[in-house]
Structure formats: C-alpha cells, structure tokens
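# A structural walkthrough
Each chain is listed here by its residues.
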Amino acid sequence: MKSSENNLINLQNDFFKNGWCWLNPDSINITKKIRKELKKISTKDRIKNKKNAGSLSLDQNSIKNYKVFQELENNKLMYETISNITGRYITLSCFMHMLSIGETKELSWHRDSYIRKNKFIGPIPSVIKLIIFNTKVSKKDGPFELISGSHSLDFSNKFFDKL
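All figures in this text were calculated on a predicted structure; none of them were measured in a lab.

## Considerations on unusual backbone geometry
Residues other than glycine predominantly adopt negative phi, and peptide bonds predominantly adopt the trans conformation. Even without being a glycine, Asn29 presents a positive backbone phi close to 60°. The partly exposed category is assigned to Asn29, whose relative accessible area is 40%.

## A short note on helix H5 (residues 76–86)
Along an α-helix, residues three or four apart share an orientation, since each turn contains 3.6 residues. All of the buried residues in H5 are Met78, Tyr79, Thr81, Ile82, Ser83, Ile85 and Thr86. Two or three places before Leu77, at the opening of H5, Asn75 has a side-chain oxygen 3.2 Å from that residue's backbone nitrogen. Positive phi shows up at Gly87, right after H5, with a value of about 80°.

## Some remarks on the pattern of salt bridges
In this structure the tally under the stated criterion is 4 salt bridges. A salt bridge links Arg35 to Asp26; the shortest N-O distance between them is 3.4 Å. In this structure Arg35 comes out as buried when scored by relative accessible area, which is 16%. Take Asp26: its relative accessible area is 40%, and that puts it in the partly exposed class. The salt bridge partner of Glu37 is Lys40, with a shortest N-O separation of 3.2 Å.

## Considerations on the packing of aromatic side chains
Under the defined criterion, the tally for this structure stands at 2 aromatic pairs. With a centroid separation of 5.4 Å and an interplanar angle of 85°, the aromatic rings of Phe15 and Phe16 are classed as edge-to-face. A residue is classified by how much of its surface remains accessible, and Phe15, at 17% relative accessible area, is buried.

Cut-offs and rules
Counting of residues starts from 1 at the beginning of each chain's written sequence and follows it residue by residue. Residue-level local features of this predicted model are given only where pLDDT is at least 70; pairs of side-chain atoms are given and counted only at 80 or more, and the full residue set underlies all totals for whole chains, interfaces and linings. For side-chain calculations, the full set of non-hydrogen atoms in the structure is used, while hydrogens and water are omitted. Here's how the labels work: a residue is buried when its accessible area is under 20% of the maximum for its type, exposed when over 50%, partly exposed in between, all with a 1.4 Å probe on protein chains only. Put simply, DSSP H or I for four residues or longer makes a helix, DSSP E for two residues or longer makes a strand, and each gets a number counted from the N terminus. Counted as a polar contact is a pair of N or O atoms within 3.5 Å, where, for protein atoms, one must be capable of donating a hydrogen and the other of accepting one, and residues adjacent in sequence contribute only when both atoms are in side chains. Salt bridge, as used here: a side-chain nitrogen of Lys or Arg that lies within 4 Å of a carboxyl oxygen of Asp or Glu. Side-chain rings of Phe, Tyr and Trp (the six-membered ring for Trp) are treated as a pair once their centres are within 6.5 Å; stacked means planes under 30 degrees apart, edge-to-face means over 60, and tilted covers the remaining angles.

Purely spatial values, then, with no claim about function.
This is the structure in structure tokens:
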C-alpha cells in the first residue's frame, strides 16, 4: 500500500472516530502565500460578530473583496481531499474569518446540527468545517472547542444541544 493511501486511511479513521482530523495545509494547496494573504486582511474590515461570542470577523461582503478567498474557493485539491476523507461530496457554503484567541473571545462548544423532538435543527447534512490557523495554537488556547467523538453521540438532551 502506498504512503498516500495509508495517510488517507489514517485521516478517514481520525475523522470518523473523532469527528475531526488534522491536515497539513500544504497537502491541500493552502500554501504559505495564501496563509500570508490571510494574515494581511485589513483591521478596518473586521467587525464584532455578536452571533459568535463577539469575535472579530469579516462580513460576507468584505470577504468578497479579498482575492485569497476566491483562491480558496477554487481549490479543487482541497475539495477532493476533504470529500475523500469524509465520504461526502462537499461544496462551499460560506467563508467565516475569525481571529484567534488573544484578540477575541473563543467560541464555546455547541452543536450546529441536532434533532429535538423529531425536528432537525441547523443545516442538514451537518456542516464540515475547515479551519486554517495562521498562528500556532494548542488545545489550551485555540479559538475553537472540540469534543472528540461528540459528533456521533445522541444526547437527546436540550442542555447538550446549546452548551
């Protein structure tokens, strides 16, 4: 078996077991140039996003003004790789730009999609998120809370749906 096939199998196993996996950005054509362009995003375009714990982010109109997001949107290798890992054909529904902790609050753990009293809440099928970190983060200071394996649990409890 080739090394790339082994790597894909390991990524698939991580994704299905944990609900997430880590990819080297270069392996999906998210180059140093792209990461530098993301870092150059003007502070004047950042807004306080009330929905996401007051984090600083870009609104969708500002995102359209940055060529780097068009490059990401047209990155076929990224789509293909993520589809191969998740087993789902993916499309891009939106970009979110958020600053990491140190400049803004982190988002608390929550579920984007769940079932309550036989009613689907949130997007169906559930969202797959790709996060590009431009600075080093650790489990202690990252801007995103993740509970490995929680994607496959059915808590059937509204307390867990909106934590």
